[in-house]
Amino acid sequence: MSSGVMVDPDVQTSFQKLSEGRKEYRYIIFKIEDNKVIVESAVTQDQLELTGDDYDDSSKAAFEKFAADIKSRTNGLTDCRYAVFDFKFTCSRVGAGTSKMDKIIFLQICPDGASIKKKMVYASSAAAIKASLGTGKILQFQASGVKVDPSCKNAYDLLHNKHQHSYIIFKIDKNDTAIVVEKVGDKNAPYSEFVEEMKKLVEDGKECRYAAVDVEVTVQRQGAEGASTLNKVIFVQYCPDNAPVRRRMLYASSVRALKASLGLESLFQVQASEMSDLDEKVVKSDLMSNQRI
């Protein structure tokens, strides 16, 4: 979804002063104003007035000041922002001792207290500012306030590593605070069962869900006699157009946390807005044509 929000040239210029050369800035806060992403604040190391060493405390003192600044500028986390922070820490490596390291993190801050409209604008404009900054230089974090329950990782490991489940359906709980396991498919259950369960749980396309599905495909490899059967796990993000805007935004802003927790970034992914997007033949055809097969 494109928001039409532009990125002010000062955004890139300021980021270069943080990421290159003498690293003039320690962190930068950006906001959307008049349909444009602008620099709201660029803070130098001297302005933080720190007495300790950043590497010794892994930037704890600096990050606390940064977090307090964000909270103040968002009126107690009732508004959204983007930010970049130069994270300094000491890393211990086996056989190599300790070394000082710097990593720049990008944060998309969309707290629960912000309005739905603000969350939508910031979510749909994130790609523009990331492109301006250059994603190769930064680690990306997205704060929606939704955590991933440990049961999700346990269930996924049984599916992915041991094939003890055929599918897992995840949902965001009723308090909008955690992603939990809602339904687990028995081993060797058909793909059609997964689709039927999804139909029941999404209430005629009025609810969103995530899922991991163990899909069996038959492939013909060049130079091999006969076909072979493979199992591939796919990740499904189902956000129908008929779902409330708030639910769609919550699922969109929380998916990164689930992917990071389960290690799903390398999986083949299905973005579904209606049940026909989960058609077995379509999914398997797309999966087989994907380079990972």
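See the structure printed just above.
Cut-offs used in this document
Residues numbered from 1 in each chain as written. Predicted model: local features only at pLDDT ≥ 70, side-chain atom pairs only at ≥ 80, totals over all residues. Heavy atoms only, no water. Helix = DSSP H or I, 4+ residues; strand = E, 2+ residues; numbered from the N terminus. Contact = heavy atoms within 4.5 Å. Phe/Tyr/Trp six-rings, centres within 6.5 Å; stacked < 30°, edge-to-face > 60°. Buried < 20%, exposed > 50% of the residue type's maximum accessible area, 1.4 Å probe, protein only. Core = buried A, V, L, I, M, F, W, Y, C linked by side-chain atoms within 4.5 Å. Polar contact = N/O pair within 3.5 Å; in protein donor to acceptor, adjacent residues only side chain to side chain. Salt bridge = Lys/Arg side-chain N within 4 Å of Asp/Glu carboxyl O. Pairing = 2+ DSSP bridges. Axes fitted to C-alpha atoms, helices over the stretch in contact; angles between N-to-C directions.

With respect to the environment of I29
No. 1: In this structure, I29 sits in strand β2 (residues 25-33).
No. 2: For the pair I29 and V11, spaced 18 residues apart in the sequence, the C-alpha separation amounts to 9.6 Å.
No. 3: If near-sequence neighbours (up to four positions away) are discounted, I29 is found in contact with I38, V39, E40, S41, F66, D69, I70, R73, R81, Y82 and A83.

Brief notes about the packing of aromatic side chains
No. 1: Scanning the model with the defined rule gives 13 aromatic pairs in all.
No. 2: Aromatic pair Y82 and Y122: ring centres 4.9 Å apart, planes at 45 degrees, arrangement tilted. Here Y122 lies in helix α4 (residues 116-133) and Y82 lies in strand β4 (residues 81-93), a separation of 40 residues in the sequence.
No. 3: By relative accessible area, Y122 is classed as buried at 1%.
No. 4: When the ring of F87 is compared with that of F89, the centres are 5.5 Å apart and the planes differ by 40 degrees; the resulting orientation is tilted.
No. 5: For F89, a relative accessible area of 17% translates into the label buried.
No. 6: An aromatic cluster is present here, built from Y27, F63, F66, F85, F87 and F89 joined pairwise through their rings.

Quick notes on the nonpolar core
Nonpolar side chains tend toward joint burial in soluble globular proteins.
No. 1: Ranked by internal contacts, the top residues of the largest apolar core, which has 23 residues, are Y156, F170, I179, Y210 and L258.
No. 2: Listing elements by their share of this core, those giving two or more residues are α5 (150-160), β8 (165-172), β10 (209-219), β11 (228-238) and α7 (245-262).
No. 3: Counting residues per element, this core draws most heavily on α7, at five residues.
No. 4: In this structure, L258 is in contact with V148, F170, I179, Y210, F235 and L264, ignoring residues within four places of it in sequence.
No. 5: Listed in part, the 22 residues of the second largest apolar core include A211, V217, V270 and L278.

Regarding the side chain of D79
No. 1: Its location among the elements puts D79 in the loop between α3 (60-73) and β4.
No. 2: Within the local environment of D79, its side chain forms a polar contact with the side chain of K118, the two groups lying 2.9 Å apart.
No. 3: In this structure D79 touches T74, I109, P111, A114 and K118, once residues within four positions along its chain are discounted.

Description of the pattern of salt bridges
No. 1: Taken as a whole, this structure holds 21 salt bridges when the rule is applied.
No. 2: Measuring nitrogen to oxygen at the nearest pair gives 3.2 Å for the salt bridge that ties R81 to D79. One exposure class covers both R81 and D79, and it is buried.
No. 3: A salt bridge links K284 to E280; the shortest N-O distance between them is 3.0 Å. With K284 and E280 both in helix α8 (residues 280-289) and four residues apart, this pair spans about one turn of that helix.
No. 4: Connected through shared salt-bridge partners, E40, D69, R73, D79, R81 and K118 make up one network.

A look at the side chain of S132
No. 1: Topologically, S132 is positioned in helix α4.
No. 2: On the basis of relative accessibility, which here comes to 16%, the residue S132 falls in the buried class.
No. 3: Apart from residues no more than four positions distant in its own chain, S132 is found in contact with V7, V11 and Q12.

Quick word on the sheet that holds strand β12 (residues 268-272)
No. 1: A sheet is described by the order of its strands in space; here six strands give the open sequence β7-β9-β8-β10-β11-β12, paired in mixed fashion. Of all strands in the sheet, those bounded by a partner on one side alone are β7 (147-148) and β12.
No. 2: Bridging between β8 and β10 involves four bridges; their strand directions are antiparallel. Bridge pairing in β10 places I169 opposite A211.
No. 3: In the packing of α5 onto the sheet, contacts are made with β7, β8, β9 (178-186), β10 and β11, and the angle to β8 comes to roughly 160 degrees.
No. 4: Contacting β10, β11 and β12, α8 crosses the sheet at an angle of about 70 degrees to β10.

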